[in-house]
Amino acid sequence: MPHGLSHIVLHACTPDDFDHTLNFYTSLGFEQILDQRYTDGADERRVWLKLSAVEHTLTTDITLKLTLTASAMRRDQPPADLDWSLEETGIVLSTADIQQVKVKLETIGAPYQEKDIHHNHKIYALDPLENLIVFTDKPAFPSLLTQDQASQGVPPPVDAAAQPATRTRKIGVLTSGGDAPGMNAAVRAVVRYGISKGCDVYAIYEGYQGLVDGGKCIRRMDWKSVRGWLAIGGTTIGTARCMPFKTREGRLQAAENLVKKGIDSLIVCGGDGSLTGADVFRSEWGGLVDELKQSGRITAEEAETYQHLTIVGLVGSIDNDMSSTDITIGAVTSLHRICESVDSINTTALSHSRAFVIEVMGRHCGWLALMAGIATGADFVFIPERPPAGDDWETSMCEVTQRHRELGKRKTVIIVAEGAIDRSLNPIKAKHIKNILTDRLGLDTRVTTLGHTQRGGSPAAFDRILATIQSVDAVEAVLRSTPDTPSPLIGMSSNKVTTGPLMKAVELTHEVAKAISEKNFARAMELRDPQFAEEYEAYNASTILDDKSRLLPEHQRLRIAILHVGAPAGGMNAATRTAVRYALNRGHRPFAVYNGFPGLVRGSLEEVSWIGVDGWTSHGGSELGTNRAVPGKDVDMGMVAYQMQQHNIQALLLIGGFEAFSSMMKLEEAREKYPSLCIPVCHIPATVSNNVPGTDYSLGSDTSLNAIVESCDSIAQSARSSRRRVFVVEVQGGKSGYLAVEAGLATGANTIYIPEEGISLSRLQSDVKHLMALYMDDDADKSEGRIILRTEGVSDTYTNDVISNILKDEGHQLFDSRTAVLGHIQQGGTPSPMDRIRATRLAMRAIQFMELHSSEALNTAYEGSAKTPPVELTKTKDSIAVIGISGVDVVHSSVQDLLPKTDLKNRKPRGAWWYEHRPLVDLLSGRGLFTAQAQAQAQQSN
């Protein structure tokens, strides 16, 4: 029976037809489970019949409701000389013994036709009501077994008899130490990618304790074991402190349990302590195996087979405290939880003009505290790696707080890491800070310790993607490992997955704590990720150092215009805030331009103050207002140049998407004609589509990904509750598939449609077959809901509704299909912490870029005793550029250098670093796997 139907109704119009039909189905194995008779109507009766999937080789139970209804119309019997296989409808039954079915049909005298096409044996029979019944010794949809395997990346079936016997690689995966959001995504990826590589994958429940206990704590995982895990925080397979594993006897027991299961590879996701324990286990493995053999606990053959243990490390830590990797699994989600809390606290602090001291995790690492300080605009931050300057930090903190209050701030927020210290290594505690603010400044101060809320909640998009791509590399590291290679650590550097020596990373991590204990704080900062020091500088320069200590000479100070161009994106306001404050700290005069270039033409400029941008880090959208108008195309270039000269604008900062890039192209072309445009011009990319050349990430793209993931989690929940339902979800992106690819990884989408690939009818047919295979494999009572992501600009022909209808109609009622358009929710909401932090770095660099490209002209004029600065400050090609992120570095890329790398027609870069993630979306959804399994089963039966 097609999945998705609760039962099939058969109507008999006479008692004889009813009795004959009932005898027909009971003789075929259907069990009568209910007989309903109606005393007030002799011509009405209902019998319920059930064929069990367990007792018969079916994918689901089949239930029939046979009714006696005098008003029913009898079907005409198809002519015996016609091919009954051409009938459009019928009930398909799979059976292991088709010859036995043939005998039963002959016994009861039922008419039938027999077909044998390409070794696919079928019998087409008619029940007494002339309904077509199809009996087959193959799955009900043989087309699923004949897909073009090459198109799915699935190797052709292998003749096992012709191949040498090889031992299947068995991989164990465990999570240890403190739980971190994204650990489940890591386990899911290890399981599914490992299976796709032909490995058996075992989950070790309860961390190292599960290794020691063995038994049910070591469970083999299948494809369906990890369904739905992406959205779940913490670790479903558990983690626990394990004192026995710290003893040799405990490790001996763990080794025995692994050998008995045939596991010789472990992927461990945890912190430095967990990974150190894993490497110790590996170093002792040979001796443990010898001891087990000598004591008779394992056989000599087992000892020979499992003489080496492979260990691969993944770093799961919310503190981001591991060296040799830029970011760890769970850190970004933890930062989300902190920022959500501080944003909420900000509103009550503002209402009551209070001060709040917020303690966050980080015993030896201040990453969470520093990033939270940047992302929330905190007034002061205390971290272990960089104690406050001087011995009297209390006075310094009070001076900054008082200065901010005098500028107009009604609230004070101070963030302190739990391991914060002063320069004498004395702990700095939240309660002490509270007392200082209360006693010296008279502020109504509260302390909030966020505690374990920082570990909780569904993982952010970043952590889901990070855990997935690193885990894929971890499986690859297992497969290429040799007994001679040191245990590898899978990390992240310059936006790329890396593999390095595990213990070297652990040693460098421990060196941070050693450097701090020796008061070598410069070394401690060096050992953190490359962005850490720069982000610390950006925080200080835009928040703390508003004391005129960074002022430039007066003749080098600029009048800077800031405007937003294109669609709104999360992080625009955060970038504007940092640009304004850093500019003011340097002595510049920042001007806000309202409503983009049309506002500039109207002269809608206003000088911005330090307090005027307070609180903007958490504001979504565009406080200045934005539109897509491009000068020289939608706005008169002459008027733009006129207003620039009228207001003596000496530098221009554009924050926006591809329209901002197009605007810079037009401004550069007009420089020869308009001297007032011969000034430094820079562009901070800000667009959810992430389609601006010259940067790996645009502001707003991370916020948008999180909005998509949150929405898709809710949609998937609805689809799962409705059981057999597929949602086609449209996401933004224009002609760029970035959002669909990355969100596809983060949500576990079944597949994605992106402009880089397009859509074809053959592709849709292949996707239908894949979905049918998945739903046929599902448990009938636990079937999954599934999601397909479609980029808005992928096709004018294959719209959401067209795709949905094709899936539904061609799916033979195995599943239902619906559509969802996320629309502008992807552009709105509170900016993510990652977008806020990137905005801060880029904005500070933008102001520095302007200083760099204006200083020569300004110094020359000053040295020449000019009374006024020149109108033309620079005309070099490098003075009009995109300020972007490449790996971990902030880079300046001139418009001229970027043009050859830009697809102007499709409004995006010609290369895309994220496209290498594309195959993983289909692979981790089971693309080709179920088809390959079905094909192998069919080959065996033949």
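This is a predicted model, so every value here is computed, not measured. Throughout this description, residue numbers start from 1 for each chain and increase along the sequence as written. Where totals are concerned, whole chains, interfaces and linings use all residues; where local detail is concerned, this predicted model gives features only for residues with pLDDT of at least 70, and gives and counts side-chain atom pairs only at 80 or more. Calculation of side-chain values draws on the structure's entire complement of heavy atoms; hydrogens and water are dropped beforehand.

1. Observations concerning the sheet that holds strand β17 (residues 445-449)
- In space, the four strands of this open sheet follow the order β15-β16-β14-β17, with parallel pairing throughout. Each of the sheet's edge strands pairs with one partner strand only, and the pair in question is β15 (380-382) and β17. In this sheet, adjacent strand axes meet at a mean angle of 15 degrees when their direction is disregarded.
- Alignment of strand β14 (residues 355-360) against strand β16 (residues 412-417), held across six bridges, turns out to be parallel. Considered in β16, the bridge of V357 is made with I414.
- By the convention used here, residues are in contact when the closest approach between their heavy atoms is within 4.5 Å. A fitted line through C-alpha atoms serves as each axis, taken over the contacting stretch for helices, and the angle formed by two N-to-C directions is quoted from 0 to 180°. A run of H or I in DSSP counts as a helix once it spans at least four residues, and a run of E counts as a strand once it spans at least two, with each numbered from the N terminus. Strands in contact with helix α11 (residues 393-406) are β14, β15 and β16; relative to β15, the strand with the most contacts, it is inclined by about 155 degrees. In this scheme, strands are said to pair when DSSP sees at least two bridges between them.

2. Let's talk about empty space enclosed by the protein
- Cavity means a closed set of points on a 1 Å grid over the protein atoms alone, one where a 1.4 Å probe fits but cannot get out, pocket means an open set with protein on both sides within 12 Å along at least 5 of 7 lines, and lining means a residue has an atom within 4 Å of a point. Grid points are joined across faces, edges and corners, and a volume is the space filled by probe spheres set on the points. For the structure on display, the rule yields two cavities of 30 Å³ or more.
- As a volume, the largest cavity reaches approximately 40 Å³.
- Surrounding the largest cavity, N320, M322, S323, T325, D326, L527, R528 and D529 form its lining.
- When residues are sorted by character, Ala, Val, Leu, Ile, Met, Phe, Trp, Tyr, Cys and Pro go into the nonpolar class, Asp, Glu, Lys and Arg into the charged class, and all the rest, Gly among them, into the polar class. In the lining of the largest cavity, the residues fall into two nonpolar, three polar and three charged.
- Its boundaries defined by the atoms lining it, the second largest cavity holds a volume of some 30 Å³.
- Lining the second largest cavity, in full, are R188, G744, L745, G748, A749, L920, V921, L924 and S925.
- Put simply, the parts of the chain that give the lining of the second largest cavity at least two residues each are α22 (738-747) and α27 (918-924).
- By residue number, the principal contributor to the lining of the second largest cavity is α27, which donates three residues.

3. Some details on the environment of R188
- Residue position: R188 is located in helix α4 (residues 183-196).
- Here's how the labels work: a residue is buried when its accessible area is under 20% of the maximum for its type, exposed when over 50%, partly exposed in between, all with a 1.4 Å probe on protein chains only. Residue classification places R188 among the buried residues on the basis of a relative accessible area of 5%.
- With 36 residues separating them along the chain, R188 and K224 place their C-alpha atoms 9.7 Å apart.

4. Notes on helix α19 (residues 637-646)
- Among the residues of α19, M637, G638, V640, A641, Q643 and M644 are the ones counted as buried.
- Buried residues belonging to α19 abut α18 (596-601), β24 (651-656) and α20 (658-670).
- Backbone nitrogen of G638 and a side-chain oxygen of the N-cap are separated by 3.1 Å at the start of α19; the cap is D636.
- The positive-phi residue at the C-terminal boundary of α19 is N648, with phi of around 50 degrees. Think of a polar contact as two N or O atoms within 3.5 Å of one another; within protein, one of them needs to be a possible hydrogen donor and the other a possible acceptor, and neighboring residues in sequence only count if both atoms come from side chains.

5. What about the packing of helix α21 (residues 701-721) against helix α25 (residues 833-863)?
- In contact at an axis separation of 7 Å, α21 and α25 are set at 175 degrees when each is read in the N-to-C sense. Here α21 is positioned roughly antiparallel relative to α25, judged by the angle of their axes. In contact with S701, D702 and T703 of α21, α25 contributes M834, D835 and R838.
- Across the contact of α21 with α25, the residue classes tally to one nonpolar, two polar and three charged. Note that the term roughly parallel is reserved for angles under 35 degrees, roughly antiparallel for angles over 145, roughly perpendicular for angles of 65 to 115, and oblique for everything else.

6. Comments concerning α21
- Here a helix's expected span is defined as the number of its residues, less one, multiplied by 1.5 Å. For α21, built from 21 residues, the straight-helix expectation of 30 Å at 1.5 Å per residue is met to within 8% by its first-to-last C-alpha distance of 30 Å.
- Just downstream of α21, R723 is the residue with a positive phi angle, here 65 degrees.

7. Comments concerning the sheet that holds strand β9 (residues 170-175)
- The strand order β11-β10-β9-β12-β13-β18-β19 describes an open sheet built from seven strands, whose pairing is mixed. Edge positions in the sheet fall to β11 (218-221) and β19 (496-501), since each of these pairs with one other strand and no more. Across the sheet, the mean angle from the axis of one strand to that of its neighbour is 30 degrees, orientation sign disregarded.
- Bridge analysis of strand β10 (residues 200-204) against β11 gives four bridges, and the strand direction is antiparallel. Note that in β11 the partner of V201 across the bridge is M221.
- The strands touched by helix α7 (residues 272-294) within the sheet are β12 (265-270), β13 (310-315) and β18 (488-493), with β12 carrying the most contacts at an inclination of about 160 degrees.

8. Some points on the pairing of β19
- Where β18 and β19 come together, six bridges link them in antiparallel fashion. From the neighbouring strand, M492 faces β19, where its bridge partner is V497.
- Connecting the antiparallel pair β18 and β19 is a turn made up of two residues, with S494 showing a positive phi of about 50 degrees.

9. Some thoughts on the side chain of T687
- Its place among the elements puts T687 in the loop between β25 (681-685) and α21.
- Under the relative-accessibility criterion, T687 is labelled buried at 12%.
- Among the polar contacts listed, one links the side chain of T687 to the backbone nitrogen of S689, at a separation of 3.2 Å.
- Setting aside chain neighbours within four positions, we find T687 in contact with A569, G657, V692, S698, L699, G700 and S701.

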